[in-house]
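The lines below spell out each chain.
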Amino acid sequence: MSLHSLSDFLEPINMAMLSNDEGFKETQLGSHVLVYEEELPDIDTADLVIVGCGEMRGMGMHFTNNDAPDKVRAAFYSLFYWHTEVIIADLGNIKTGATVNDSYAAVKTVVSELLQMGKKVLILGGSHDITTAQYQAYGKMNKIIDAVVVDARIDLDMESVQPADQFLVEMFTGIPNHLKHYTHIGFQSYFMHPDMLETIDKLGFDCYRVGKVKESIEAMEPAIRNSELFSFDIASIQNAHAPANRLTPNGFNGEEACTLMQYAGLSHTCNTIGLYGYLSQQDQHELTAIQQAHMLWYVMDGIHKGKQEADLSNHNEFNEFIMAFAEVETIFLQSKRTSRWWMQLHDGKYVACSYRDYLTACNNDIPERWLRAVERS
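What you see is a predicted model; the values in this text were computed from it and never measured.

### Description of the pairing of strand 11 (residues 318-325)
Right, on to step 1. With 8 bridges connecting them, strand 11 and strand 12 (residues 328-335) associate as antiparallel partners. Residue pairing in the sheet places Phe 318 in a bridge with Ser 335 of strand 12.

Below, the structure is given as structure tokens:
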């Protein structure tokens, strides 16, 4: 399928409406994004491709197609254009299907085709169950992946009839299964049945409570760096920073949300990013739209920083530390450009890790991240 044939699934953007007929200034992002207005843009050079999704029925059948993607776009396009070497394309909104499953199929088709073109894709809008279609895009390519989800809850509520509350069930148990590893960031314990964490731990997956993440947010970067799929629900952001989130007053602040998105942009492996759960009619002064616009800006910032990283095969660009812990010999690499860390597994492959993992190995202990990675390999 060509990019042109994807137009059957896409609706163009009304730039005049986004700018209130005033147009965007030369210094604003809206003057530089490659936008699908009358015809699809050439995305060959694009570092990030945005597609909007208004499918919200996964949160309840009374929700219909909404304007969430365009609300965020208007705020995003008005921001200043700092990262001039990062090229953004926006292919408009994926058409909402007659049923939720039709919308999943459309998202899966569009995202899968963009992935096969080698693009990093950002899905903007939709309820959190659109992560299902984001995941299915890899299944269509028969690719096994690591997934990271940021959410105040772990969406495994089998008693709920809403797909947004239990879409992870399909992701964890569906056949064929394309999930190698799952990491959950930012759950809030009072929303969780105590047995659920035990179940997830038995599956070998990683879950981080919001308080733990806030203590050391940089410890989340390696998990995001190793992932292919990154899914962010705005329910994980404090109501004070995202007024459209009516679930909880607690969670990440705006800066922490931006940092996690920056990590997704920074990763060369992470090639789909979903930003979900925004009900624009619940917003106040469009502050949640502005918050998400800032998060998109930090994805660009991450891409910009990621362009500066050397390839792991370029040994001169890394500090190399040969380590032995618990009778295991391995190598840790530290980038001279970004100070990020990698560690070698028993099969010679390298995975992202943290400075803390290196210190653990220095104390002759086996880093838990190393053990988990070896179990999965």
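### Here we look at the pairing of strand 13 (residues 341-344)
Right, on to step 1. Neither face of strand 13 is left uncovered, since the one carrying Trp 341 and Met 343 and the one carrying Trp 342 and Gln 344 both have all their residues buried.
Right, on to step 2. Examined bridge by bridge, strand 12 and strand 13 share 3 bridges and lie antiparallel to one another. Looking at strand 13, one finds that Gln 334 is bridged to Trp 341.
Right, on to step 3. Taken together, strand 12 and the strand that follows it, strand 13, pair antiparallel across an intervening segment of 5 residues, in which Ser 339 is found at a positive phi of about 70 degrees.
Right, on to step 4. As paired strands, strand 13 and strand 14 (residues 350-353) are joined by 4 bridges and run antiparallel to one another. Following the sheet pairing, Met 343 is matched in strand 14 by Val 351.
Right, on to step 5. Here strand 13 hands over to strand 14 after 5 residues, with Gly 348 in that stretch at a positive phi of 90 degrees.

### A closer look at helix 10 (residues 287-306)
Right, on to step 1. A rise of 1.5 Å per residue sets the reference length of helix 10, with its 20 residues, at 28 Å; its end C-alpha atoms lie 29 Å apart and thus fit the reference within 8%.
Right, on to step 2. In terms of residue burial, helix 10 counts as a mostly covered element, since 14 of its 20 residues are buried.

### With respect to the packing of helix 2 (residues 68-77) against helix 10
Right, on to step 1. For the pair helix 2 and helix 10, interaxial distance at closest approach is 8 Å and the crossing angle is 60 degrees. As far as their axial angle goes, helix 10 and helix 2 are oblique. When the axes of helix 2 and helix 10 are compared, the crossing they make is right-handed. Along the contact surface, helix 2 presents Lys 71, Val 72, Ala 75 and Phe 76, while helix 10 presents Ala 289, Ile 290, Gln 292, Ala 293, Leu 296, Trp 297 and Met 300.
Right, on to step 2. Across the contact of helix 2 with helix 10, the residue classes break down as 9 nonpolar, 1 polar and 1 charged.

### Looking at the nonpolar core
A general feature of soluble globular proteins is that nonpolar side chains tend to end up buried together.
Right, on to step 1. Counting 54 residues, the largest nonpolar core has Phe 76, Tyr 77, Ile 185, Phe 230, Phe 232, Leu 260 and Met 261 as its most contacted members.
Right, on to step 2. Leave out the neighbours within four places in its chain, and Met 261 touches Phe 230, Phe 232, Ile 273, Leu 275, Met 295, Leu 296, Tyr 298 and Val 299.
Right, on to step 3. Membership of the second largest hydrophobic core comes to 46 residues, among which are Leu 3, Leu 91, Phe 172 and Tyr 182.

### A few points about the packing of aromatic side chains
Aromatic ring pairs are reported here in terms of the distance separating the ring centres and the angle at which the planes meet.
Right, on to step 1. This structure, assessed with the given rule, holds 16 aromatic pairs.
Right, on to step 2. Aromatic side chains Phe 172 and Phe 205 sit 5.0 Å apart centroid to centroid with 55 degrees between the ring planes, which places their arrangement in the tilted category. Separated by 33 residues along the polypeptide, Phe 172 in helix 5 (residues 163-173) and Phe 205 in the loop between helix 6 (194-202) and strand 8 (206-209) bring together distant segments of the chain.
Right, on to step 3. By relative accessible area, which is 15% here, Phe 172 ends up buried.
Right, on to step 4. Taking 6.4 Å as the distance between ring centres and 50 degrees as the angle between the ring planes, the aromatic pair formed by Phe 230 and Phe 232 counts as tilted. Side by side, Phe 230 and Phe 232 carry an identical accessibility label, which is buried.
Right, on to step 5. An aromatic cluster is present here, built from Phe 321, Phe 332, Trp 341, Tyr 355 and Tyr 358 joined pairwise through their rings.
Right, on to step 6. Cation over ring: Arg 225 sits above Trp 342, and NZ or CZ is 4.4 Å from the ring centre.

### So, unusual backbone geometry
The general pattern is negative phi for most residues beyond glycine and trans for most peptide bonds.
Right, on to step 1. Here the amide bond leading from Ile 175 into Pro 176 is cis, since omega sits at 0 degrees, within 30 degrees of zero.
Right, on to step 2. Counting through the fold element by element, Pro 176 comes out in the loop between helix 5 and strand 7 (179-187).
Right, on to step 3. In this model, Ser 339 sits at a positive phi of 70 degrees, which is unusual for a non-glycine residue.
Right, on to step 4. Here Ser 339 falls in the partly exposed class, since its relative accessible area comes to 45%.

### Remarks on the environment of Gln 308
Right, on to step 1. Within the secondary structure layout, Gln 308 lies in the loop between helix 10 and strand 11.
Right, on to step 2. Relative accessible area serves as the criterion here: at 41%, Gln 308 is assigned to the partly exposed category.
Right, on to step 3. Measuring from C-alpha to C-alpha, the distance between Gln 308 and Glu 39 comes to 33 Å, with 269 residues separating the pair along the chain.
Right, on to step 4. A polar contact is formed between the side chain of Gln 308 and the side chain of His 304, at a distance of 3.2 Å.

### Let's talk about the pattern of salt bridges
Right, on to step 1. Overall, the coordinates contain 17 salt bridges when judged by the stated rule.
Right, on to step 2. The partner of Glu 309 in a salt bridge is Arg 340, with the nearest N and O atoms 3.3 Å apart. Here Glu 309 is found in the loop between helix 10 and strand 11, whereas its partner Arg 340 is found in the loop between strand 12 and strand 13, with 31 residues between them in sequence. As far as the burial class goes, Glu 309 and Arg 340 line up, both buried.
Right, on to step 3. Linked through salt bridges whose partners overlap, the residues forming this network are Asp 201, Asp 206, Glu 368 and Arg 372.

Definitions and cut-offs
Residues numbered from 1 in each chain as written. Predicted model: local features only at pLDDT ≥ 70, side-chain atom pairs only at ≥ 80, totals over all residues. Heavy atoms only, no water. Pairing = 2+ DSSP bridges. Helix = DSSP H or I, 4+ residues; strand = E, 2+ residues; numbered from the N terminus. Buried < 20%, exposed > 50% of the residue type's maximum accessible area, 1.4 Å probe, protein only. Expected span 1.5 Å × (residues − 1). Axes fitted to C-alpha atoms, helices over the stretch in contact; angles between N-to-C directions. Parallel < 35°, antiparallel > 145°, perpendicular 65-115°, else oblique. Left-handed = near helix turned anticlockwise from the far one by under 90°. Contact = heavy atoms within 4.5 Å. Nonpolar A, V, L, I, M, F, W, Y, C, P; charged D, E, K, R; others polar. Core = buried A, V, L, I, M, F, W, Y, C linked by side-chain atoms within 4.5 Å. Phe/Tyr/Trp six-rings, centres within 6.5 Å; stacked < 30°, edge-to-face > 60°. Lys NZ or Arg CZ within 6 Å of the ring centre and 35° of its normal. Polar contact = N/O pair within 3.5 Å; in protein donor to acceptor, adjacent residues only side chain to side chain. Salt bridge = Lys/Arg side-chain N within 4 Å of Asp/Glu carboxyl O.

So, to be careful, I would describe these as geometric facts and stop short of saying anything about function.
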